[in-house]
There are 4 protein chains.
Amino acid sequence: MNQQRYKHQITIPFQDIDAAGIVFFAHLFRYAHESYEQFMSAHDHSLADILKNGEYLLPLVHAEADYRQPLRHNEAITIELSVKKLGESSFTLQYHCLDNTEKVRAVIETVHVTLDASQKRPMPIPDSLCTILTS
Amino acid sequence: MNQQRYKHQITIPFQDIDAAGIVFFAHLFRYAHESYEQFMSAHDHSLADILKNGEYLLPLVHAEADYRQPLRHNEAITIELSVKKLGESSFTLQYHCLDNTEKVRAVIETVHVTLDASQKRPMPIPDSLCTILTS
Amino acid sequence: MNQQRYKHQITIPFQDIDAAGIVFFAHLFRYAHESYEQFMSAHDHSLADILKNGEYLLPLVHAEADYRQPLRHNEAITIELSVKKLGESSFTLQYHCLDNTEKVRAVIETVHVTLDASQKRPMPIPDSLCTILTS
Amino acid sequence: MNQQRYKHQITIPFQDIDAAGIVFFAHLFRYAHESYEQFMSAHDHSLADILKNGEYLLPLVHAEADYRQPLRHNEAITIELSVKKLGESSFTLQYHCLDNTEKVRAVIETVHVTLDASQKRPMPIPDSLCTILTS
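Residues numbered from 1 in each chain as written. Chains lettered and ligands numbered in written order. Predicted model: local features only at pLDDT ≥ 70, side-chain atom pairs only at ≥ 80, totals over all residues. Heavy atoms only, no water.

Colleague: Quick question: what am I supposed to make of the interface of chain C and chain A here?
Modeller: Accessible area lost upon the coming together of the parts serves often as the stated size of an interface. On the side of chain A, 18 residues touch chain C, which itself brings 18 residues to the contact. Across the interface of chain C and chain A, roughly 1,600 Å² is buried in total on both sides, 71% from carbon and sulfur atoms. Three residues, C:Phe25, C:Phe29 and C:Tyr67, lead the burial of chain C against chain A; their summed loss comes to 28% of the area buried on that side. Taken together, the links from chain C to chain A amount to zero salt bridges. Summed over the shared surface of chain C and chain A, the number is eight residue pairs in polar contact (both at pLDDT 80 or more). Among the elements of the structure, α1 (25-42) and β3 (60-67) of chain C are those that each provide at least two residues to the side of chain C that touches chain A. Partitioning the side of chain C that touches chain A into residue classes produces 12 nonpolar, three polar and three charged. Of the strand pairs in this sheet, strand β3 (residues 60-67) of chain A and β3(C) are connected by five bridges, and their pairing is antiparallel. Directly across from A:His62, in β3(C), lies its bridge partner C:Asp66. (Contact = heavy atoms within 4.5 Å. Buried area = accessible area lost by both parts, 1.4 Å probe. Salt bridge = Lys/Arg side-chain N within 4 Å of Asp/Glu carboxyl O. Polar contact = N/O pair within 3.5 Å; in protein donor to acceptor, adjacent residues only side chain to side chain. Helix = DSSP H or I, 4+ residues; strand = E, 2+ residues; numbered from the N terminus. Nonpolar A, V, L, I, M, F, W, Y, C, P; charged D, E, K, R; others polar. Pairing = 2+ DSSP bridges.)

Below is the structure:
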């Protein structure tokens, strides 16, 4: 797959901490999705436009995360998005969460299906999207 | 206004705590809105039905909260919803957050406008909604 | 493993919907964790008490979800929690999200490690916790 | 008060939309707090450091918002933070949410008290913080 990685920077905000004093695990899925949304926008395929065009949908059918070391308040984190797998009508994105020492603190994956918006059935990944994912 | 108060119970969950070890202030607006949504559903006016019917909208135009004492993880809280003010085409809801000693820990208010859904203009509060708010 | 399932009811709230009109995928991890927290409290092992006691921690090291059919606003959902696997110093919880026709809409898993709180090293699952998980 | 405004840019993300298709009102309080946190960090007073130092706390005692026009998915928004009022042991921050036509879409305020961390009593705003707020 492509070797390029899209990078998204975040600083862990005050409110994402839980009662144990670390980032609540579910927030990492949000960070991942935000980097996915920004990646798509950066390649002229904003999710807003895709929804507006009404040609296809990209529902998320699977998500998983491995948490190697807890994230803490105010840490500077880089999310590196890469395409792990490109199927006929689905694709898998992988996100590495790195701290400022380049240590991988968590790895997340999301699997998206390309659905024909009118028939709600899987369809081949549209060419323009395929170009983005293999660039 | 009406003296009846709709009561909604919550236990402060693990993930609503912030880096200072207390409930992040914005979550109380969510608790308030959840009690509003349940109040409406309990009176056969679910927000989902109102949106589906497409007759009127109830946009929130103002919200405020006074925080008297921080809320903590696992506290049992009761949100008491009451109607503070009923205008021509708007209404103000008030929410008291009480702990298990009946102490008021926070007071929240939300102001909602009744909008004609097609013209997006204020309209008188529909009768059936008025009945709920004055019951 | 144990056949008993702990059941947690939710109604999908107004604010958990995303720009595509369905529940944002990451919220299901929150629903799962809330049912886990309530399960623990129901068995006299609230997460708040565990944190306060300071004997052990239960960090989440893996989470995953399969989304079979999107959830929508105001749907009544039951989360059924069961213990999928009990290891030496870790356990896997599984959560089935069922709608009001008993159809499984999503399946979630979380893996928790039992850590000695002072040394931050894996330790055998404490007996009292083991009893809960196998009851 | 100071005329300088600290600016924080956001693009409304996919998951902040509610069942009515607009940004859920409570998220604006989060946007405001994030701009406050970044403002403090930009002036070498990160909330994380303040918490670590343990000298004083800055609990939020009041928050309010006026919503003039709903925010939508993928809109580019600028939050302009300014100091509205500086008291003896409290300060009021104001946040204007502007769209890309400079139109004010919402105005938010938060009131913070400076508390002596050990005695949990109001104390005068520390000099270094006062300098930031009046710069």
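Moving on from the model shown.
Colleague: How should the relation of the copies chain C and chain A be read in this particular structure?
Modeller: Both copies of the chain are tied together by a single rotation about an axis and a shift running along it. Between chain C and chain A, the superposition needs a rotation of 180° and an axial shift of 0.0 Å, giving an RMSD of 0.0 Å. The relationship between the two copies is best expressed as a two-fold rotation axis. Measuring from the rotation axis to each C-alpha of chain C, the shortest distance belongs to C:Glu64, at 2.0 Å. The share of interface residues of chain C whose copies in chain A are also at the interface is 100%, consistent with both copies meeting through the same surface. (Least-squares fit on C-alpha atoms with pLDDT ≥ 70 in both.)

Colleague: What should I look at first to understand the interface of chain D and chain B in this one?
Modeller: Between chain D and chain B, the residue contacts involve 18 residues of the former and 18 residues of the latter. On the chain D side of the contact with chain B, D:Phe25, D:Phe29 and D:Tyr67 bury the most area, a combined 28% of that side's loss. Linking chain D with chain B are zero salt bridges. Looking at the side of chain D that touches chain B, the elements that each hand over two or more residues are α1 (26-42) and β3 (60-67) of chain D. Top element by residues in the side of chain D that touches chain B is β3(D). It accounts for eight residues. Tallied by class, residues from the side of chain D that touches chain B come to 12 nonpolar, three polar and three charged.

Colleague: Sorry, what's going on with the relation of the copies chain D and chain B here?
Modeller: Superposing chain D onto chain B takes a rotation of 180° plus a shift of 0.0 Å along the axis, which leaves an RMSD of 0.0 Å. The share of interface residues of chain D whose copies in chain B are also at the interface is 100%, consistent with both copies meeting through the same surface.

Colleague: Which parts of the structure should I look at to understand the packing of aromatic side chains?
Modeller: Pairs of aromatic rings are described using the distance from one ring centre to the other and the angle between the two planes. Considering all chains together, one arrives at 22 aromatic pairs over all chains under this definition. With a centroid separation of 4.9 Å and 65° between ring planes, the pair formed by C:Phe24 and C:Phe25 is classed as edge-to-face. For C:Phe25, a relative accessible area of 5% gives the class buried. Seen from their ring centres, D:Phe25 and D:Tyr67 are 6.2 Å apart, and the 85° between their planes marks the pair as edge-to-face. In this pair, D:Phe25 is assigned in the loop between β1 (6-11) and α1 and D:Tyr67 in strand β3, connecting sequence segments 42 residues apart. What links up through ring pairs into an aromatic cluster is the set A:Phe14, B:Phe24, B:Phe25, B:Phe29, B:Tyr67, C:Phe14, D:Phe24, D:Phe25, D:Phe29 and D:Tyr67. (Phe/Tyr/Trp six-rings, centres within 6.5 Å; stacked < 30°, edge-to-face > 60°. Buried < 20%, exposed > 50% of the residue type's maximum accessible area, 1.4 Å probe, protein only.)

Colleague: Teacher, can you tell me more about the side chain of C:His27 here?
Modeller: Within the fold, C:His27 resides in helix α1. Discounting residues that sit within four places of it in the chain, C:His27 has contacts with C:Gln15 and C:Asp16.

Colleague: Sorry if this is basic, but what is going on with the sheet that holds strand β3 (residues 60-67) of chain B here?
Modeller: Strands in a sheet are paired, the pairing made by backbone hydrogen bonds, and the direction either parallel or antiparallel. The 10 strands are arranged β1(B)-β4(B)-β5(B)-β6(B)-β3(B)-β3(D)-β6(D)-β5(D)-β4(D)-β1(D) in an open sheet whose pairing can be described as antiparallel. Only two strands of the sheet have a single neighbouring strand rather than two, namely β1 (6-11) of chain B together with β1 of chain D. When the angles between neighbouring strand axes are averaged without regard to direction, this sheet yields 20°. Two strands pair when backbone bridges link them, and strand β5 (residues 90-98) of chain B and strand β6 (residues 104-113) of chain B are joined in this way by nine bridges, in the antiparallel orientation. When the bridges of β6(B) are listed, B:His96 appears paired with B:Val107. (Axes fitted to C-alpha atoms, helices over the stretch in contact; angles between N-to-C directions.)

Colleague: Please clarify how helix α3 (residues 127-134) of chain D should be interpreted in this entry.
Modeller: Side chains of residues three or four places apart in an α-helix project in the same direction, reflecting 3.6 residues per turn. All names here are of chain D. Listing the buried residues of α3 in full gives Leu-129, Ile-132 and Leu-133. Within α3, the buried residues cover an arc of 95° as seen down the axis, which keeps them to one side. Pointing more than 90 degrees away from the buried face of α3 are the exposed residues Asp-127 and Thr-131. (Arc of directions from axis to C-beta.)

Colleague: Could you clarify how one ought to interpret the pairing of β5(B) in this entry?
Modeller: Sheet faces and side chains relate simply in a regular strand, where the side chains alternate between the two faces. All names here are of chain B. Of all nine residues making up β5, eight are buried, and the element is well covered by its neighbours. Bridging between strand β4 (residues 76-86) and β5 involves eight bridges; their strand directions are antiparallel. Directly across from Ile-79, in β5, lies its bridge partner Cys-97. With antiparallel pairing between neighbouring strands as the criterion, β4 and β5 make up a hairpin whose turn holds three residues.

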